[in-house]
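# Residue-level structural notes
Residue strings, one per chain:
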Amino acid sequence: MKKLSIILFSGDFDRAVAAFTLATGAAAVNYQVNLFFTFWGLNVIKKKKGRSFTGKGVMARFFGFLSGGFKNLPMSRLNFLGASPKIMISLMKKRNVATLNDLLSAAIELKINLYACEMSIHILGLTKEDFIPEVKEVLGVPKFLELSDGGETLFI
Amino acid sequence: MKKLSIILFSGDFDRAVAAFTLATGAAAVNYQVNLFFTFWGLNVIKKKKGRSFTGKGVMARFFGFLSGGFKNLPMSRLNFLGASPKIMISLMKKRNVATLNDLLSAAIELKINLYACEMSIHILGLTKEDFIPEVKEVLGVPKFLELSDGGETLFI
Amino acid sequence: MKKLSIILFSGDFDRAVAAFTLATGAAAVNYQVNLFFTFWGLNVIKKKKGRSFTGKGVMARFFGFLSGGFKNLPMSRLNFLGASPKIMISLMKKRNVATLNDLLSAAIELKINLYACEMSIHILGLTKEDFIPEVKEVLGVPKFLELSDGGETLFI
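The present account deals with the structure reproduced in this document. (Residues numbered from 1 in each chain as written. Chains lettered and ligands numbered in written order. Predicted model: local features only at pLDDT ≥ 70, side-chain atom pairs only at ≥ 80, totals over all residues. Heavy atoms only, no water.)

Turning next to helix α6 (residues 141-148) of chain B. Residue and element names in this part refer to chain B. Along α6, the residues that are buried comprise Val141, Phe144, Leu145, Leu147 and Ser148. Projected down its long axis, α6 carries its buried residues within an arc of 160°, all on one side. Looking one or two places after α6, you find glycine 150, whose phi comes out positive at around 85°. (Buried < 20%, exposed > 50% of the residue type's maximum accessible area, 1.4 Å probe, protein only. Helix = DSSP H or I, 4+ residues; strand = E, 2+ residues; numbered from the N terminus. Arc of directions from axis to C-beta.)

If you want it as structure tokens, here you go:
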């Protein structure tokens, strides 16, 4: 079975769309797909209404964990010519292209493996409970290398 | 034959230079090279004088399709210490390093395969005609995976 | 022996941490690891007190070679909600996670191969002497492809 593994480091809306498009496209043609969320990318799999981070100001502000949902992800070019996730979402809907929410649902249906980075979570003082239940495991680099071995791996 | 495939997602000048430097360097030592342009990366292969996007304001502004040419690509650190493509181009010329225009010409001469991402183009309501004629094909993820299979793949 | 090769293009603090975390994690489980520094990534391996670039204004400003040390690397989201390397370093220390300085030392102890990109160095008019002595070699794309062949390669 062919394998595609993606490390989603970025929390940018457009890069997340690219990661999920690659992931679901690969799963659709029977690839085993591993999505490993780290740093800003963790925003994509956090619970929409997570526990409150009031009183842990720095951490909360740092990873933007106070607000949830894809519409709050910024673009990689937020200030470039007025591009915004809102515009992109509206273009995607207009063209009947799956939006990021659809893509996450599709990823889950296609049994794509969702993993969260142990170290990032540790730095932030979070636990597996802060993320959507579909996250299979919290793991570190050695385990990820084992899982991705022998396939294509992308860092996004 | 060894293979290098690059997904150019970024429209940043410096990242495009890196992608083309890797691509042409690989082709020079007889790698089969596939360059797959998606999202902002599409700017690199658009026709310099494409069709007018007046009246399709959002899309046009969104991907900056109104202006063409490499000199209009921003840097990934546009506002960082005054770095600009202009400065970088002048440094590259001073050192006799191939500029991005040279690199694209070299890529074409070296028979590097240029592909455009079907989904991005669909979202933007564009067609193959909006890109330079050297673009071999407009294709989706499954086809790209087939082409890149068994080689190294980078996401830039 | 399994192999992981990383092209560190970015000079962002958080991306550098990600690159070194992957690199040292892989080396710890006996991977051969190649780190190839290019463009902004060169900042990570420059000597802290390098030669002065006064009088070569453009170059100096361009790559920020005047100041050294990891604390001067920006975040990929510098202006996003007040995130800063300082906050991240303090979080990392609080959680007993290796900081970037520790990670570089670990990389050297683990005999990770550090390479610098020939072309970037040439553009900037620098030499091997401007970088920490642990940099093994200055090399170009063909040599890097040879070294990374048969393993996983990431572009960060």
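Turning to the sheet that holds strand β1 (residues 3-8) of chain A, a few remarks are in order. All names here are of chain A. The parallel open sheet is built from five strands, whose spatial order is β4-β3-β2-β1-β5. Here the strands that pair on one side only, and so sit at the sheet edges, are β4 (137-139) and β5 (152-155). Strand-to-strand twist in this sheet, taken as the mean axis angle between neighbours without regard to direction, amounts to 25°. Pairing analysis gives four bridges linking β1 to β5, with the strands arranged parallel. Residue pairing across strands places isoleucine 7 opposite phenylalanine 155, the latter belonging to β5. (Pairing = 2+ DSSP bridges. Axes fitted to C-alpha atoms, helices over the stretch in contact; angles between N-to-C directions.)

What follows covers the packing of helix α1 (residues 13-28) of chain B against helix α6 (residues 141-148) of chain C. Contact pair α1 of chain B / α6 of chain C: the axes reach a minimum separation of 8 Å and the direction vectors enclose 80°. Between α1 of chain B and α6 of chain C, the angle is such that the two are roughly perpendicular. Between α1 of chain B, through Thr21, Leu22, Gly25 and Ala26 of chain B, and α6 of chain C, the contact on the second element is made entirely by Val141, Pro142 and Leu145 of chain C. Within the contact of α1 of chain B with α6 of chain C, the residues separate by chemical class into five nonpolar, two polar and no charged. (Parallel < 35°, antiparallel > 145°, perpendicular 65-115°, else oblique. Contact = heavy atoms within 4.5 Å. Nonpolar A, V, L, I, M, F, W, Y, C, P; charged D, E, K, R; others polar.)

A few words now on the packing of aromatic side chains. All names here are of chain B. Scanning the model with the defined rule gives 12 aromatic pairs over all chains in all. Taking the centre distance of 6.2 Å and the plane angle of 35° together, the rings of phenylalanine 20 and phenylalanine 37 count as tilted. Within this pair, whereas phenylalanine 20 is found in helix α1, its partner phenylalanine 37 is found in strand β2 (residues 32-37), the two being separated by 17 residues in sequence. Looking at phenylalanine 20, the relative accessible area reads 0%, which means it is buried. Phenylalanine 37 sits in the buried class, given a relative accessible area of 0%. (Phe/Tyr/Trp six-rings, centres within 6.5 Å; stacked < 30°, edge-to-face > 60°.)

By secondary structure assignment, the location of threonine 153 of chain C is in strand β5 (residues 152-155). Residue threonine 153 of chain C is classed as buried on the basis of its relative accessible area, which comes to 4%. A polar side-chain atom of threonine 153 of chain C sits 2.8 Å from a polar atom in the side chain of glutamate 152 of chain B. (Polar contact = N/O pair within 3.5 Å; in protein donor to acceptor, adjacent residues only side chain to side chain.)

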